[in-house]
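Below, each chain spelled out in residue letters.
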Amino acid sequence: KERGVMADYNDYLPDVKRYDEAADEAAVKGIVKHLGIALQSKTADSALVSASDKSELDRVRDSWLKKKLARTESDVELDAAVKAVAETMKGDNRKQRVTFYYLLAKNYGVLDSLH
């Protein structure tokens, strides 16, 4: 693998720390590694979450919460968690995907699973 191709978690840590001063750096690294190439996309949109796009929020629920974090709550409960993070981040016009995913994992108490 070429060095420098992967996103550096240090690029995302300051944004996460805006919401969690004692951010779990290993969890941030794990999220950046999980997202990998999506963060490298030429269209920066893949590095952001559009809270006004229902299909985007469904994708967050299905691929992050259900698949990666193995959450088994109902879609209604998972959607409520996604909406709560969107509300927490409402002041950000550009919601960083790493931060969004971090806050969801923290909400479920599963940051350790991302190390």
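Structure: see above.
Draft legend 1. Layout of helix α5 (residues 97-107). Counting buried residues in α5 gives nine out of eleven residues, a clear majority hidden from the surface. Of all the residues in α5, the buried ones are R97, V98, T99, F100, Y101, Y102, L103, L104 and A105. Buried residues belonging to α5 abut α1 (13-19), α2 (25-35), β1 (48-49), α3 (54-68), α4 (75-88) and β2 (95-96). At the C-terminal side of α5, G109 shows a positive phi close to 65 degrees.

Draft legend 2. Here's a closer look at the pattern of salt bridges. Counting across every chain of the model gives 15 salt bridges. For D58, the salt bridge goes to K54, with nearest N and O atoms at 2.9 Å. Of this pair, D58 and K54 both sit in helix α3, separated by four residues, roughly a single helical turn. Between E87 and K90 there is a salt bridge whose closest N-O contact spans 2.9 Å. You can call K90 exposed: its relative accessible area is 57%. It is possible to trace a salt-bridge network through shared partners that takes in K54, D58, R61, D62, K66, D75 and D79.

Draft legend 3. Quick peek at the packing of α4 against α5. For the pair α4 and α5, the least separation of the axes is 10 Å and the interaxial angle reads 125 degrees. Looking at the two axes, α4 sits oblique to α5. Two packed elements cross with a definite hand, and for α4 against α5 that hand is right-handed. For the pair α4 and α5, the contacting residues are A81, V82, V85, A86 and T88 in the first and F100, L103, L104 and N107 in the second. Its residues assigned to classes, the contact of α4 with α5 shows seven nonpolar, two polar and no charged.

Draft legend 4. Inspection of the layout of surface pockets at higher detail. Of the volumes computed, that of the second largest pocket is approximately 180 Å³. Looking at the second largest pocket, the residues that line it are H34, L35, A38, S46, E56, R59, V60, S63, W64, K67, R97 and Y101. Looking at the lining of the second largest pocket, the elements with two or more residues in it are α2, α3 and α5. Of the residues in the lining of the second largest pocket, the class split is five nonpolar, three polar and four charged.

Conventions and cut-offs
Residues numbered from 1 in each chain as written. Predicted model: local features only at pLDDT ≥ 70, side-chain atom pairs only at ≥ 80, totals over all residues. Heavy atoms only, no water. Buried < 20%, exposed > 50% of the residue type's maximum accessible area, 1.4 Å probe, protein only. Helix = DSSP H or I, 4+ residues; strand = E, 2+ residues; numbered from the N terminus. Contact = heavy atoms within 4.5 Å. Salt bridge = Lys/Arg side-chain N within 4 Å of Asp/Glu carboxyl O. Axes fitted to C-alpha atoms, helices over the stretch in contact; angles between N-to-C directions. Parallel < 35°, antiparallel > 145°, perpendicular 65-115°, else oblique. Left-handed = near helix turned anticlockwise from the far one by under 90°. Nonpolar A, V, L, I, M, F, W, Y, C, P; charged D, E, K, R; others polar. 1 Å grid on protein atoms, 1.4 Å probe; cavity = no way out; pocket = protein on both sides within 12 Å on 5 of 7 lines; lining within 4 Å. Points joined across faces, edges and corners; volume = space filled by probe spheres on them.

Keep in mind that these numbers describe shape and distance, not what the molecule does.
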